[in-house]
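Report on the structure
Spelled out, the chains give:
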Amino acid sequence: MSVRMEMDISGVSRAHISILPASEIKATLKPEADRPRCASTPCSPIRGTVAGYQILHMDSNYLVGFTTGEELLKLAHQWSDGTQEKSSVSEAVASSIQSTVPKSVDFGIHRSSRIFKGKTRYYQPYDIPAANGRRRRRMPSSSDTFLRSLAHSEPGRSLHAPLPLCLLKGKRAQSKSLDYLNLDKISVEESSDTEVLQYQLQHLTLRGERMFTRNKT
Amino acid sequence: MKVKKGCNSTDVGVPVTTEEDLLASAVITPEDVLGLQKITENYLCSPDENIYNIDFTRFKIRDMETGTVLFEITKPPSTDKAGEKKDVDPNAGRFVRYQFTPAFLRLRQVGATVEFTVGDMPIENFRMIERHYFREKLLKSFDFEFGFCMPSSKNTCEHIYEFPPLSENSIREMILHPYETQSDSFYFVDNKLVMHNKADYSYNGGT
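In this text, all values refer to a predicted model and were calculated from it rather than measured experimentally.

Let us look at the confidence of the model for chain B. Residues and elements named next belong to chain B. On average, chain B scores 90 in pLDDT, and the residues at 70 or more come to 89%. Note that residues 1-10 has pLDDT below 50 and, in this model, 25 contacts with residues that lie over four places away or in other chains. Both scores are given for the predicted complex: the pTM is 0.64, the ipTM 0.91.

Below, the structure is given as structure tokens:
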């Protein structure tokens, strides 16, 4: 394998980065207006934030979700705190998604956030269903592709999946809300048994899915 | 602007090492991690060992064949007040999770541009070794050298990832088993481990 690297060292002092603070970025999210569908039309640079990171671009033909360990742990804690917290999570998330979209852009997104709130209690960072709730049959080339992919609950899968072991091990030393998992009672020999941990997390996930099913019916 | 070539470690002739052995070592070298046979369960260094204050501020990946930018992310300057502590697991900031579509596995070359700042100390021989596994099988090990970094500088570097050839069966399994593809990214200064990041991946997005 050959590797090409280009390094650009820019001076002694750190250059000022003209990037909006995360708190202001939420107010500036502006999806592009509709454009003719064409395979060569790139996805618009829709911005979003995850745990302080600013997403500048995400081509949903290849990538539909990104999250951090901080977000996963936060959601796991909120899950473990019971239904009240889950309600507040969904409300908080719906409000955070709403705050990232200018009101003038698309009322469909606001309607979708209500749908989001009713259908699921998971935090789905980029789960903005397509306008009118209908699947769009167009070439995956514009910003709509990004929005449509969000409607498929892609990011929710990151929560349904078990937490990585590296996060579980780190959190075991600190967590109180995860005590019900009895991680502290797992012996040193068992601690490396990922199947045990995954089973416990799947129990958590399945419990959430049952709630999701009830909400749908 | 410097252009440097990296190399893909084939792990030929590298002694096998275990995570347990390395956790007991005072210093972890590039050769140590090249001998790892599977993803580590623990981080091999603490966040505090990043004494050079290396901070990644922007990341972008693109398909080298078409130039299509797949993903770009940046980290705005921290707005935390001095001395304010967050009740967050320090390791949580060293892990990311990607949800790719199956189409991603069909790519051959992906360019990854990373922008990072460094602290007040010069950095000699900055190097990254990134190892990707599916379950307990090493898919590929990437070895990139950044070289020397001036103190208090901001640097941008693009690495070219050449995807390993994957059988249809492997692709199918990777798609069917989300987040069982994982990676360890080890960063070295002067052949000493200073940072360790992790990631996992799914490839069933959009299906």
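Let's shift gears to the sheet that holds strand E4 (residues 95-100) of chain B. One key point about sheets: their strands pair by backbone hydrogen bonds, in either a parallel or an antiparallel sense. Across the sheet, 6 strands lie side by side as E4(A)-E4(B)-E10(B)-E9(B)-E6(B)-E7(B); this open sheet has mixed pairing. Strands with a single pairing partner mark the edges of an open sheet, and in this sheet they are strand E4 (63-68) of chain A together with strand E7 (137-149) of chain B. Each strand of the sheet is rotated relative to its neighbour by a mean of 20°, with strand direction disregarded. Here strand E6 (residues 123-134) of chain B pairs with strand E9 (residues 181-189) of chain B via 9 bridges, running antiparallel. Within E9 of chain B, the residue paired with Ile-129 of chain B across the bridge is Phe-186 of chain B.

Residue and element names in this part refer to chain B. Evaluated as defined, the whole model comprises 20 aromatic pairs over all chains. Between Tyr-98 and Phe-100, the aromatic rings sit 5.5 Å apart at their centres with planes inclined by 10°, giving stacked as the arrangement. Given a relative accessible area of 9%, Tyr-98 falls into the buried group. Look at Phe-100 and you get buried, because its relative accessible area is 3%. The interplanar angle of 5° and the centroid separation of 5.6 Å between the aromatic rings of Tyr-98 and Tyr-201 together place this pair among those described as stacked. Of this pair, Tyr-98 sits in strand E4 while Tyr-201 sits in strand E10 (residues 192-202), and the two are 103 residues apart along the sequence.

We now examine the environment of Ile-28 of chain B. Residues and elements named next belong to chain B. Checked against the element boundaries, Ile-28 lands in the loop between helix H1 (19-23) and helix H2 (30-34). Counting along the chain gives 165 residues from Ile-28 to Leu-193, while the straight-line C-alpha distance between them is 5.4 Å. Among residues more than four places away in sequence, those in contact with Ile-28 are Leu-22, Val-33, Leu-44, Phe-188, Asn-191, Lys-192 and Leu-193.

Residues and elements named next belong to chain B. This model, assessed by the stated rule, comprises 11 salt bridges over all chains. Across the salt bridge formed by Glu-158 and Arg-62, the nearest N and O atoms sit 2.7 Å from each other. Within this pair, whereas Glu-158 is found in strand E8 (residues 154-162), its partner Arg-62 is found in strand E2 (residues 55-63), the two being separated by 96 residues in sequence. The salt bridge partner of Arg-106 is Glu-168, with a shortest N-O separation of 2.9 Å. Of this pair, Arg-106 sits in the loop between E4 and strand E5 (109-117) while Glu-168 sits in helix H3 (residues 168-176); the two residues are 62 residues apart in sequence, bridging distant segments of the chain. Judged by relative accessible area, which is 46%, Glu-168 ranks as partly exposed.

Turning next to the nonpolar core. Ranked by size, the top nonpolar core spans 43 residues in total, and within it Ile-54, Phe-71, Tyr-98, Phe-104 and Phe-126 of chain B carry the most contacts. No other element matches E7 of chain B, which puts 5 residues into this core. Not counting residues up to four positions away in its chain, the partners in contact with Tyr-98 of chain B are Leu-63, Gly-65 and Phe-66 of chain A together with Phe-59, Phe-71, Tyr-179, Ala-199, Asp-200, Tyr-201 and Ser-202 of chain B. If you look at the next biggest cluster of nonpolar residues, it comprises 13 residues, including Leu-44, Cys-45, Ile-129 and Phe-186 of chain B.

Relative to the assigned elements, Arg-127 of chain B resides in strand E6. One polar contact links Arg-127 of chain B to Asp-143 of chain B, side chain to side chain, over a distance of 2.6 Å.

Before going further, it helps to spend a moment on the pairing of E6 of chain B. Residue and element names in this part refer to chain B. Burial of E6 is extensive: 10 of the 12 residues sit out of reach of the surface. One ladder, built from 10 bridges, connects E6 with E7; its direction is antiparallel. Bridged to His-132 within E7 is Lys-140. Connecting E6 to the next strand, E7, in antiparallel fashion are 2 residues, including Arg-135 with a positive phi near 55°.

So, how was this worked out
- Residues numbered from 1 in each chain as written.
- Chains lettered and ligands numbered in written order.
- Predicted model: local features only at pLDDT ≥ 70, side-chain atom pairs only at ≥ 80, totals over all residues.
- Heavy atoms only, no water.
- pLDDT = per-residue confidence, 0-100.
- Contact = heavy atoms within 4.5 Å.
- Pairing = 2+ DSSP bridges.
- Helix = DSSP H or I, 4+ residues; strand = E, 2+ residues; numbered from the N terminus.
- Axes fitted to C-alpha atoms, helices over the stretch in contact; angles between N-to-C directions.
- Phe/Tyr/Trp six-rings, centres within 6.5 Å; stacked < 30°, edge-to-face > 60°.
- Buried < 20%, exposed > 50% of the residue type's maximum accessible area, 1.4 Å probe, protein only.
- Salt bridge = Lys/Arg side-chain N within 4 Å of Asp/Glu carboxyl O.
- Core = buried A, V, L, I, M, F, W, Y, C linked by side-chain atoms within 4.5 Å.
- Polar contact = N/O pair within 3.5 Å; in protein donor to acceptor, adjacent residues only side chain to side chain.

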